[in-house]
Amino acid sequence: MIKLPEEFINRMKEELPGDYEAFLNSYEQSSYHALRVNTLKCDTDFFLSFFGRKEDKAARSQENAHFSLETVTWEEGGFYYAESDEPGRLPYHDAGLYYIQEPSAMLPVGLLAVDDSGQSVLDLCAAPGGKSFQIAARMKGKGILISNEIHPGRAAVLSENMERMGVRNACVCQEKPDRLAERFPCSFDRILVDAPCSGEGMFRKNPEAVTQWSTENVSFCAARQKELLNRADQMLKPGGILVYSTCTFSRQENEEVVAYFLQTHPDYLLTKEQRLYPHQIRGEGHFAACFEKRKAGVSVLEKPGFPGKRSVSLRLSDCDDLMRFQEETLSPSADLFLTEDSLNGRMLIRFGDALYLAPKDTPALNGLRVLRPGLMLGKSLKNRFEPAHALALSLRPDDVKRHMTLSLKKAYDYRKGLTFPCEGENGWTLITVDGFSLGFGKSVQGMMKNHYPKGLRK
Ligand code: SAM
């Protein structure tokens, strides 16, 4: 049993007089494991038929890819799995077919009312990226998502996760919220503030959080949360929706922060507030509140859309090597086969030698720390184009002229960086595991050179 801080126990006793015993008993049970299907890559019915086969565990082969799936009731595409399923070890995980996420953490995005109508969405505290990915799945490649994370190491993980999930319309930044607020006043239709908190709701899953807990830290977190909401307010358009969430039970960080925000921002309505307790649901502790910013009193300055300049887009004719690559590699019917027409407002941006395809209406990003201004297409290197891993992960076999489908067993070899014999024409080839892209290979005279990124090999 985890040793819980005494002040925490006393406070919970007061807050949950009726079911304190049940709450305390939940610490003796193990935590739940869940994943969310990546509907950008496969639909949920397919996922269930592919991974959800019910059979006697003992009869499963050593390399099975079948999970004991049960629905997470508050998130479509969310499923519990058994710890022994270990979905994180499989190449399907590297192919971004699913994202492993604590089940209660799936709650807040459901309140954000994100859709595929072309919204501008900000995820202010986004790493490692579970909620950004849920948002991106709902946006279906439309609109623009800015996923921000203040800490450099965590921002890099966020960027890698967005790449793995095949998200095309996200820009990943590593900025202080006040810098974003200066640049993007009244700019977003939706903002998620999944705030750093004292983490009381995670004590069972992550007992280390207990050692970092103190009443001082709860107060420190509450002050920072108020500051984050003030910044979010500056960036939300009138009529927009703001969701605030934490993984703590502390009223000081939850209801009291909400009350402070409503008091200091009378133009907001609280539309929903929800708590998840581990003794009531199959998941850890979480809190979420949803606010709507009223439309009344919109000033001329508060016009919708990103104010100021747009990023500067290259012309396709400036990117000969990319054009050659796509002629040789992509099917003309692929929506990443770029022509002046098919760009349809999306923008080609060069950062150093890297070329990115940025979402329509991407604002000017100069001066901001940006890890990824959209989908990385590849690098222009001395008159040749080297496609990016991110590009592979956002393509399907139908999108390319050459693909090679590996069995699960062979996919492990590819992930290790091995080369293997192949047939057919020379050139860039999309490597898939059972039809889901894993990366690129380059076929050269009967051998498939492995282009799986060295840093990801295992
Ligand atoms: N939304 C994430 C997800 O679903 O994967 C989890 C976010 S976590 C609860 C909070 C994040 O806020 C952490 O990654 C932390 O580094 C970041 N953070 C810490 N201080 C911050 C600050 N002052 N401004 C913005 N983000 C901050």
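Within the protein chain one finds 15 helices and 21 strands. Principal-axis analysis of the C-alpha atoms places the extent of the protein chain at approximately 75 × 65 × 35 Å. Residue burial in the protein chain is summarised as follows: out of 458 residues, 55% are buried. Across the protein chain, contacts joining residues at least 24 apart in sequence account for 71% of those joining residues at least 6 apart. Positive and negative side-chain charges in the protein chain, numbering 59 and 61 respectively, have mean positions lying 5 Å apart.

Next up on the list: the site of the ligand. Gly-129, Glu-149, His-151, Arg-154 and Asp-194 are the nearest of the 17 residues found near the ligand. One nitrogen or oxygen atom from the main chain of Ala-127 is found 3.3 Å from an oxygen atom belonging to the ligand. Backbone polar atom of Pro-128 to an oxygen atom of the ligand: 3.3 Å apart, as the coordinates give it. When the ligand is considered free in solution it has 600 Å² of accessible area, and contact with the protein chains removes 85% of it. Counting residues per element, the ones that place at least two in the shell around the ligand are helix 6 (130–139) and helix 10 (215–235).

Here helix 6 lies mainly inside the structure; nine of its ten residues are buried. If you check which residues of helix 6 are buried, you get Gly-130, Lys-131, Ser-132, Phe-133, Gln-134, Ile-135, Ala-136, Ala-137 and Met-139. Downstream of helix 6 by one or two residues, Lys-140 has phi in the positive range, about 50°.

Our next topic: the domain arrangement of the protein chain. Along its sequence, the protein chain is carved into domain 1 (31–100), domain 2 (113–302), domain 3 (308–364 + 373–396) and domain 4 (402–458). Computed over C-alpha atoms only, the centres of domain 1 and domain 3 are separated by 33 Å.

All right, on to the sheet that holds strand 3 (residues 78–81) then. In spatial order, the strands read 2-3-1-4; together these four strands make up an open sheet with antiparallel pairing. In the strand order of this sheet, the two ends are held by strand 2 (70–71) and strand 4 (98–100), each with one partner. Sheet topology places strand 1 (residues 33–37) next to strand 4; three bridges connect them, and they run antiparallel. Bridge pairing links Val-37 to Tyr-98 in strand 4.

So, about the sheet that holds strand 10 (residues 268–276). Spatially, eight strands are ordered 10-11-9-8-5-6-7-14 in an open sheet, and the strand pairing comes out mixed. Bordering the open sheet on either side are strand 10 and strand 14 (370–372), each of which pairs with just one other strand. Adjacent strand axes in the sheet meet at a mean angle of 20° when their direction is disregarded. As paired strands, strand 9 (residues 236–246) and strand 11 (residues 286–293) are joined by six bridges and run antiparallel to one another.

This paragraph deals with unusual backbone geometry. Pro-128 follows Ala-127 through a cis peptide bond whose omega is 5°. Along the polypeptide, Pro-128 turns up in the loop between strand 5 (120–123) and helix 6. Its identity as a non-glycine residue notwithstanding, Glu-86 has a phi of 45°, on the positive side. Position of Glu-86 relative to the elements: it lies in the loop between strand 3 and helix 4 (91–94).

This paragraph deals with the environment of Ala-288. Among the structural elements, Ala-288 can be located in strand 11. Judged by relative accessible area, Ala-288 falls into the buried class, the value being 0%. Considering only alpha carbons, one finds Ala-288 and Ser-117, 171 residues apart in sequence, at a separation of 24 Å. The contacts of Ala-288, once residues within four sequence positions are left out, are Leu-107, Pro-108, Leu-111, Tyr-244, Ser-245, Lys-272, Glu-273 and Gln-274.

Rules used in this analysis
- Residues numbered from 1 in each chain as written.
- Predicted model: local features only at pLDDT ≥ 70, side-chain atom pairs only at ≥ 80, totals over all residues.
- Heavy atoms only, no water.
- Helix = DSSP H or I, 4+ residues; strand = E, 2+ residues; numbered from the N terminus.
- Buried < 20%, exposed > 50% of the residue type's maximum accessible area, 1.4 Å probe, protein only.
- Contact = heavy atoms within 4.5 Å.
- Lys, Arg positive; Asp, Glu negative; His and termini not counted.
- Charge placed at Lys NZ, Arg CZ, Asp CG, Glu CD.
- Near = heavy atom within 4 Å.
- Polar contact = N/O pair within 3.5 Å; in protein donor to acceptor, adjacent residues only side chain to side chain.
- Areas by Shrake-Rupley, 256 points an atom, 1.4 Å probe, with all protein chains shown as cover.
- Domains from an automatic or database assignment.
- Pairing = 2+ DSSP bridges.
- Axes fitted to C-alpha atoms, helices over the stretch in contact; angles between N-to-C directions.

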